[in-house]
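One-letter residues, chain by chain:
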Amino acid sequence: MTLQTADRKRIITLLDELPSEALAEVADFMEFLRLKAIQKKAATPRSEAALLEVINRRLSPEERNRLSQLQEKVGTAELTPAEHQDLLALVAQIERANVERAEALVELARLRNVTPAVVFNEFAPAIADAG
């Protein structure tokens with residue numbers, strides 16, 4: 001039995017022994033611990049390699065081809081409703097990646113102790129081609 005499993009069993013045993021009126025207080029405390037863990041995880045800086053992976057992430061060749069096909073059809077008004085949904089999904093994916101890329105650039109700047117502009121200029125050509 002792992003230490004984590006033993007701890008979980010111990011917690012369950014202790015919970016079973018508590019009077020029911022104490023459970024709300026236990027739940028509040030557990031929620032506090034959960035939020036504290038989330039904050040700690042968010043505050044833990046990612047490694048430069050992990051940030052570079054996010055910054056350099058791109059659409060797959062298949063996704064880029066599909067995006068090009070759909071964009072061409074938009075210009076000719078031949079886009080079906082299903083294709084329109086595909087296009088919206090790809091655009092949403094690109095927008096999410098751009099937000100993650102911007103956050104990674106800022107975090108990398110903090111890690112390197114430089115301004116975000118310095119890091120952005122380093123990756124500007126790659127970012128312009130990120131779609």
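Conventions and cut-offs
- Residues numbered from 1 in each chain as written.
- Predicted model: local features only at pLDDT ≥ 70, side-chain atom pairs only at ≥ 80, totals over all residues.
- Heavy atoms only, no water.
- Core = buried A, V, L, I, M, F, W, Y, C linked by side-chain atoms within 4.5 Å.
- Buried < 20%, exposed > 50% of the residue type's maximum accessible area, 1.4 Å probe, protein only.
- Helix = DSSP H or I, 4+ residues; strand = E, 2+ residues; numbered from the N terminus.
- Contact = heavy atoms within 4.5 Å.
- Expected span 1.5 Å × (residues − 1).
- Axes fitted to C-alpha atoms, helices over the stretch in contact; angles between N-to-C directions.
- Parallel < 35°, antiparallel > 145°, perpendicular 65-115°, else oblique.
- Left-handed = near helix turned anticlockwise from the far one by under 90°.
- Nonpolar A, V, L, I, M, F, W, Y, C, P; charged D, E, K, R; others polar.

*Asks:* It is not clear to me how the nonpolar core should be interpreted in this structure. Could you clarify?
*Replies:* Nonpolar side chains in soluble globular proteins tend to be buried together. Membership of the largest hydrophobic core is limited to nine residues, which are L51, V54, I55, A104, L105, L108, A109, V119 and F123. Element by element, the count of residues in this core is highest for helix α5 (residues 81-112), at four residues. When sequence neighbours within four positions are dropped, the list of residues in contact with V54 reads R46, E100, R101 and A104.

*Asks:* Mind showing me how you'd approach α5 here?
*Replies:* Since one α-helical turn is 3.6 residues long, residues separated by three or four positions face the same way. Along its 32 residues, α5 runs 46 Å from first to last C-alpha, staying within 8% of the 46 Å computed at 1.5 Å per residue. Residues E83, L87, L90, I94, A97, R101, A104, L105, E107, L108 and A109 constitute the buried set of α5. Phi for N113, located one or two positions after α5, is positive at around 60°.

*Asks:* Would you take a moment to explain the packing of helix α4 (residues 61-76) against α5 for this structure?
*Replies:* Packed helices, taken two at a time, are described by the angle their axes make and the gap between the axes. Orientation of α4 relative to α5, taken along the N-to-C sense of each, is 125°, at an axis distance of 10 Å. Taken together, the axes of α4 and α5 are oblique relative to one another. In this structure, α4 meets α5 at a crossing whose hand is left-handed. Within the contact between the two elements, α4 uses E63, R66, L67, L70, Q71, K73 and V74 and α5 uses E83, D86, L87, L90, Q93 and I94. Of the residues assigned to the contact of α4 with α5, the class counts are six nonpolar, two polar and five charged.

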